[in-house]
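A structural walkthrough
What follows is the residue order along each chain.
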Amino acid sequence: MDPVQALKQYFGYDSFRTGQREAVEAILSGRDVLAVMPTGAGKSVCYQLPALLLPGVTLVISPLISLMQDQVKALKAAGIAAGYINSSLTEAQIARVYANALAGRYKLLYVAPERLESSGFLAFAAAAEIPLVTVDEAHCISQWGQDFRPSYLRIVDLIDSLPRRPVVGAFTATATGEVKTDIACVLKLRDPLSVATGFDRENLFFDVRTVKQKDAFVLDYVKQRPDESGIVYCATRKSVDAVHEMLVNAGVEAARYHAGMEQAERKAEQDDFIYDRKPVVVATNAFGMGVDKSNVRYVLHYNMPQSMENYYQEAGRAGRDGAPASCVLLFSVQDIMIDRYLLEHKDFTDVPEEEIEALRERDLKRLRVMEQYCRTTGCLRNYILAYFGEKREAPCEACGSCRREFTETDMTQEAKQVVNCVYETRGRYGLNIVLGTLLGAKRARLEELGTVRYKTYGALRGLSEDTLRSLVSQMLLDGYLTKSDEQYPVLRLGDIAPLKDPDTRVLVRSSAEREDAGGARKPRARAADPLTKAGYRLFEVLRAERRAAAGEEGVPPYVVFSDKTLIDMSVRAPRDEAAFLAVSGVGEAKRRKYGARFLAAIGAFFAENPGAVTSIDVGEDPAAPAKKPKTPKGPFRLAPGDADRFRFDGAYTVSELRDELNRISSAENVKKLYAADLLRLLEAWGYIEENRRGGGAFQIPTEKGIAKGIGTEQVLSRTGVAYSVPTCSAEVQREILAHYGGESGE
Ligand code: ADP
Ligand code: ZN
């Protein structure tokens, strides 16, 4: 059977995803494979499909018991015979599995690495026909990786001991150069085909939110998505307990998971989540390894993870079925202070003296990468991809940053007042006293402490308290202030030397949603993009059917069908077996098993809703890969003739230019132009660049830009502070006009 045919028959998919075909063909031709594919990219198919087509039984070395059990269940549901061996089985059960495998009853056998040495296993391996050995989570073999497992080193001995060397396939989601080299060397791969699919996960929406009330945000987020599955990751067990309790008290059926719980309880909670009995799980990062649930629609991070690798792996547990899903990181300056503190006090007792510095350096770098991610105004997706070595030019238009407009305000002068005030307190008071003093609040407590007689009392009277809070947060981050870690923390001066440099700027960022960002926040409709209201009701009907089928079989609902499959089923609304088989994710086995009952459910739905239209995407192929959320309007451009109305009037600041361009544009159905768009354009052309002096980021002209006549101009902020912004000469204005399609009349 050819691979594409097998892909449809067993897995129900019409086409391979990126990388899958190369991997499958290499293995079938006898070549080793080293595949780096992010979570959700579809690694399993790469070795399960060859396993079906090769004679004998394929060994899959997999580190986690729950993962094995899940995979075997899913394979069985697809009509593929498979078994597993791990410590959860009795000796008698294990013997039976070996016997079955030897009798040719399995196409795949999952084995925990610890088993590889046992005499029973070695006897089995010597007698069996093993064409392919697959190493899942292959990075566990590298001592450089974060999850090194010594038992993985035994895999090589096993391969060497087999009568005929099998093809070896190594699969992992995370691999730096070092780890990749390690995997190839330690496993002694022979001229392996390197498969890398790229790290982008198009169906994921990334966002970072700076929120003060994280609990309220989480509660609101979860409540808006009562039918969707989600994970809330917290940094510590304590905060898992707290957030979990908060949700439960508010009436949300939330599961809880961390390593401090009894194993049985942990397992029960995990199952409640996996079997869709509880929609949300609040967990530490101990949760997720080995959880294959494909219909997770969102992953919230209550705290910032310690590295991008961790973040991408955890966030990547959303949307494995390829349907749209969201990954939102809740950011607070407080978290960063805590992370830095923990790092400074990290225990390195068992580490050789000469390595400590390097390790500290590495950890600090990881933290900085995350911090930058949380604070960038650029495209979040591109930031992640750049970190993993993929350069992108165009912003994705489908992340939080791309849908938000940032403004930066220079608050250097105000910052100096804060410094003066903290100086006057001699580091004795906390944030509220300092704020109240600077704002000139009339409070008895300030009288009592005498801060009303400070020179800085009322010095920042014109500011709002929120703005001032943001400024202090920024100053804490920049290191100009520090906060003690006592029960009642006080503010003290940090390293303020850089503030004496006249070039230093303290920039405070604020953001506004773009007008057209509405689609990003609309809950529920998102997961079922192409569906109409009726389509969504059908989707609900099918979900209920799935839950019923899963309950009868004792498997998790996503093993029956993924969300994506149910969405496609709602779009196509098949009325006969042939049409049912055409649904993405429906193979032969599943058609036989579930066709009748799902078709009956669909029939009943249409009997009740005659003529219902379930999909808005009539003209398009509903099986096409998930599209980026639709924006009703096209990008900003000018209509012919618009440019004639443009007033060349000396050097425009970017904001003035934006206003002028928006004024003259008569193009229909296009988005408004934002200052950020222009800044991006100038940056892409190499006319301006980010200047990171003084901790903040603002844009200055490059040499090329200066040659083009880019200048800077001092403008006044709302609070009366001067700061500089790029300006565009007439020449640049003309280039920009041309870029947006304005035919200049000249
Ligand atoms: P990984 O192991 O890389 O995290 P999986 O193998 O679990 O990813 O696959 C992720 C999801 O993608 C699963 O729900 C799987 O059924 C689905 N999938 C895999 N290959 C395809 C394909 N060619 N077309 C559509 N869906 C696919
Ligand atoms: Zn983006």
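Residues numbered from 1 in each chain as written. Chains lettered and ligands numbered in written order. Predicted model: local features only at pLDDT ≥ 70, side-chain atom pairs only at ≥ 80, totals over all residues. Heavy atoms only, no water.

**A word on the overall build of the protein**
Under the convention used in this document: Under the scheme used here, helices are H or I runs from DSSP no shorter than 4 residues and strands are E runs no shorter than 2 residues, and both carry numbers assigned from the N terminus. Only the C-alpha atoms count toward the radius of gyration. The rule for a globule is 2.2 Å times the residue count to the power 0.38. The contact criterion used is simple: two residues touch if any of their non-hydrogen atoms lie within 4.5 Å. Charged residues are defined narrowly, with Lys and Arg counted positive, Asp and Glu counted negative, and His plus the chain ends left uncounted. The atom standing in for a charge is NZ when the residue is Lys, CZ when it is Arg, CG when it is Asp and CD when it is Glu.
Within the protein, the regular secondary structure consists of 29 helices and 22 strands. Radius of gyration (C-alpha) of the protein: 29 Å, near the 27 Å computed for a compact globule of 746 residues. Its C-alpha atoms put the protein at 90 × 70 × 55 Å along the principal axes. Sequence separation of 24 or more characterises 70% of the internal contacts of the protein that already satisfy a separation of 6 or more. In the protein, the 99 positive side-chain charges and the 102 negative ones have mean positions that sit 3 Å from each other.

**Side note on the domain arrangement of the protein**
To keep it simple, the criterion reads: Note that domain bounds follow an automatic or database assignment of domains.
Taken as a whole, the protein is organised into domain 1 (3-196), domain 2 (204-387), domain 3 (404-513), domain 4 (533-608) and domain 5 (642-739). Placing a centre on the C-alpha atoms of domain 1 and another on those of domain 3 gives a separation of 57 Å.

**Focus on the sheet that holds strand E8 (residues 204-210)**
Sheet strands pair via backbone hydrogen bonds, and the direction of the pair is either parallel or antiparallel. Short version of the rule: Strand pairing is defined by DSSP finding a minimum of two bridges between the two strands. An axis is simply a line fitted to the C-alpha atoms; with a helix, the fit covers only the stretch in contact. Between two such axes, the angle follows the N-to-C directions and lies from 0 to 180 degrees.
Within the open sheet, the six strands sit side by side as E8-E13-E12-E9-E11-E10. Their pairing is parallel. Each end of this open sheet is capped by a strand with a single partner; those strands are E8 and strand E10 (254-257). The mean inter-strand angle of the sheet, taken between neighbouring strand axes irrespective of direction, is 15°. Here four bridges tie E10 to strand E11 (residues 280-283), and the two strands are oriented parallel to one another. Residue pairing for E11: Ala254 is matched across the bridge by Val280. Here helix H9 (residues 214-223) sits on the sheet and contacts E8, strand E9 (229-233), E11, strand E12 (296-301) and strand E13 (325-331); the angle it forms with E13, its principal contact strand, is near 170°.

**A word on the confidence of the model for the protein**
The predicted coordinates of low-pLDDT regions are not to be read in fine detail. Note the cut-off: Confidence per residue, as judged by the predictor, is encoded in pLDDT with a range of 0 to 100.
Confidence in the prediction of the protein, expressed as mean pLDDT, is 86, and 91% of residues score 70 or more. Across residues 515-528 the pLDDT falls below 50, and counting only partners more than four positions away or on other chains, this stretch makes 30 contacts in the model.

**Digging into the coordination of the zinc ion (ligand 2)**
For clarity, the threshold we go by: Because water is not among the atoms used, a metal site may look incomplete, as its donors are only the N, O and S atoms within 2.8 Å, or 3.2 Å for Na, K and Ca. Square planar and octahedral sites, with four and six donors, are those where opposite donors lie more than 155 degrees apart and all other angles lie between 65 and 115, tetrahedral sites have four donors with every angle between 85 and 135 degrees, and the rest are irregular. Three exposure classes are used, based on accessible area relative to the maximum for each residue type with a 1.4 Å probe and protein chains only: buried under 20%, partly exposed in between, and exposed over 50%.
Donor atoms from the polypeptide that coordinate the zinc ion (ligand 2) comprise Cys379 (SG), Cys396 (SG), Cys399 (SG) and Cys402 (SG), at 2.3 to 2.4 Å from the metal. Around the zinc ion (ligand 2), the four donor atoms are arranged such that angles at the metal cover 100 to 119°; this shape is classified as tetrahedral. If you list the donors of the zinc ion (ligand 2) from N- to C-terminus, the spacing comes out as C-x16-C-x2-C-x2-C. Its relative accessible area of 1% is what places Cys402 among the buried residues.

**Topic: the nonpolar core**
The following threshold applies: Buried Ala, Val, Leu, Ile, Met, Phe, Trp, Tyr and Cys residues that are joined via side-chain atoms within 4.5 Å together make up what is termed a nonpolar core.
Ranked by internal contacts, the top residues of the largest apolar core, which has 96 residues, are Phe206, Tyr373, Val418 and Met569. Other than its neighbours up to four places away in sequence, Phe206 contacts Tyr311, Tyr312, Ala315, Cys327, Tyr373, Leu380, Arg381, Ile384, Ala398, Cys399 and Gly400. Membership of the second largest hydrophobic core comes to 35 residues, among which are Ile61, Val133, Ile141 and Val179.

**A closer look at the site of ligand 1**
Here is the rule we go by: Whether a residue is near a molecule or strand is decided by its heavy atoms; if any one of them lies within 4 Å of it, the residue is near. In the analysis that follows, any N or O atom pair within 3.5 Å is treated as a polar contact, provided that within protein one partner can donate a hydrogen and the other can accept it, and provided that, for residues neighboring in sequence, both atoms belong to side chains. Method for areas: the Shrake-Rupley scheme with a 1.4 Å probe, in which residue coverage is limited to the protein chains shown. Each residue gets one of three labels, nonpolar for Ala, Val, Leu, Ile, Met, Phe, Trp, Tyr, Cys and Pro, charged for Asp, Glu, Lys and Arg, and polar for the others, Gly among them.
Of all residues adjacent to ligand 1, which total 15 residues, the nearest are Tyr13, Ser15, Gly40, Ser44 and Arg320. Within the side chain of Arg17, a nitrogen or oxygen atom sits 3.1 Å from an oxygen atom of ligand 1. Taking Arg320, its side chain carries an N or O atom lying 2.8 Å from an oxygen atom of ligand 1. For ligand 1, whose unbound accessible area comes to 570 Å², protein coverage reaches 84%. The element contributing the most residues to the shell around ligand 1 is helix H3 (residues 43-53), with three residues. Tallied by class, residues from the shell around ligand 1 come to five nonpolar, seven polar and three charged.

**Quick word on the environment of Asp14**
Checked against the element boundaries, Asp14 lands in the loop between helix H1 (3-11) and helix H2 (20-28). In sequence terms Asp14 and Arg96 are 82 residues apart; their C-alpha atoms lie 36 Å from each other. Leave out the neighbours within four places in its chain, and Asp14 touches Val4, Leu7, Lys8 and Ala582.

**Points about the pattern of salt bridges**
Heads up, the rule is: Any carboxyl oxygen of Asp or Glu that lies within 4 Å of a side-chain nitrogen of Lys or Arg is treated as forming a salt bridge with it.
Evaluation of the coordinates by the stated rule reveals 41 salt bridges. Between Arg297 and Asp321 there is a salt bridge whose closest N-O contact spans 2.9 Å. One end of the pair, Arg297, is in strand E12; the other, Asp321, is in the loop between helix H12 (308-315) and E13, with 24 residues separating them in the sequence. The same class applies to Arg297 as to Asp321, namely buried. Among the salt bridges present, the one from Arg392 reaches Glu390, with a minimum N-O distance of 4.0 Å. One connected set of salt bridges, linked through shared partners, spans Asp200, Arg381, Glu390 and Arg392.

**What to know about the sheet that holds strand E1 (residues 33-36)**
Spatially, seven strands are ordered E3-E4-E2-E5-E6-E1-E7 in an open sheet, and the strand pairing comes out parallel. For this open sheet the edge positions go to strand E3 (82-85) and strand E7 (193-196), each flanked by a neighbour on one side alone. Each neighbouring strand pair of the sheet contributes to a mean axis angle of 15°, computed without reference to strand direction. Note: E1 against strand E6 (residues 167-172), four bridges, orientation parallel. Counted as the bridge partner of Val33 is Gly169 from E6. Here helix H4 (residues 65-77) sits on the sheet and contacts E3 and strand E4 (108-111); the angle it forms with E3, its principal contact strand, is near 170°.

**Concerning the side chain of Asp272**
Inspection of the secondary structure assignment puts Asp272 in helix H11 (residues 263-274). Judged by relative accessible area, which is 16%, Asp272 ranks as buried.

**Structural notes on helix H8 (residues 177-186)**
Cut-off, in case you're wondering: The directions from the helix axis to the C-beta atoms are what the arc is built from.
For H8, every residue scored as buried is listed here: Val179, Asp182 and Ile183. Projected down its long axis, H8 shows its buried positions confined to an angular sector of 100°, all on one face. Lys188 sits one or two residues past H8 and shows a positive phi near 50°.

**Looking at the packing of aromatic side chains**
Stated precisely, the cut-off is as follows: Classification of ring pairs uses Phe, Tyr and Trp, with its six-membered ring standing for Trp, and accepts pairs whose centres are within 6.5 Å; under 30 degrees between planes counts as stacked, over 60 as edge-to-face, and the remaining range as tilted. Here, a charge over a ring means that NZ of Lys or CZ of Arg falls within 6 Å of the ring centre while also lying within 35 degrees of the ring normal.
Following the criterion strictly, the structure yields 26 aromatic pairs and no others. Ring plane angle 55° and centroid distance 6.3 Å describe the contact between Tyr98 and Phe121, whose orientation is recorded as tilted. Taken together, the residues span a long stretch of sequence, with Tyr98 in helix H5 (residues 91-102) and Phe121 in helix H6 (residues 119-127) at a distance of 23 residues. The exposure class assigned to Phe121 is buried, which follows from its relative accessible area of 0%. Centre to centre, the rings of Phe121 and Phe124 are 5.8 Å apart; their planes meet at 50°, and the pair counts as tilted. Note that Phe121 and Phe124 are positioned in helix H6 at a spacing of three residues, about one turn of the helix. Across this residue pair, the class does not change: Phe121 and Phe124 are buried. A network of ring pairs unites the aromatic residues Phe199, Phe206, Tyr312, Tyr387 and Phe388 as a single cluster. A cation sits over an aromatic face here: Arg734 above Phe648, 5.3 Å from the ring centre.

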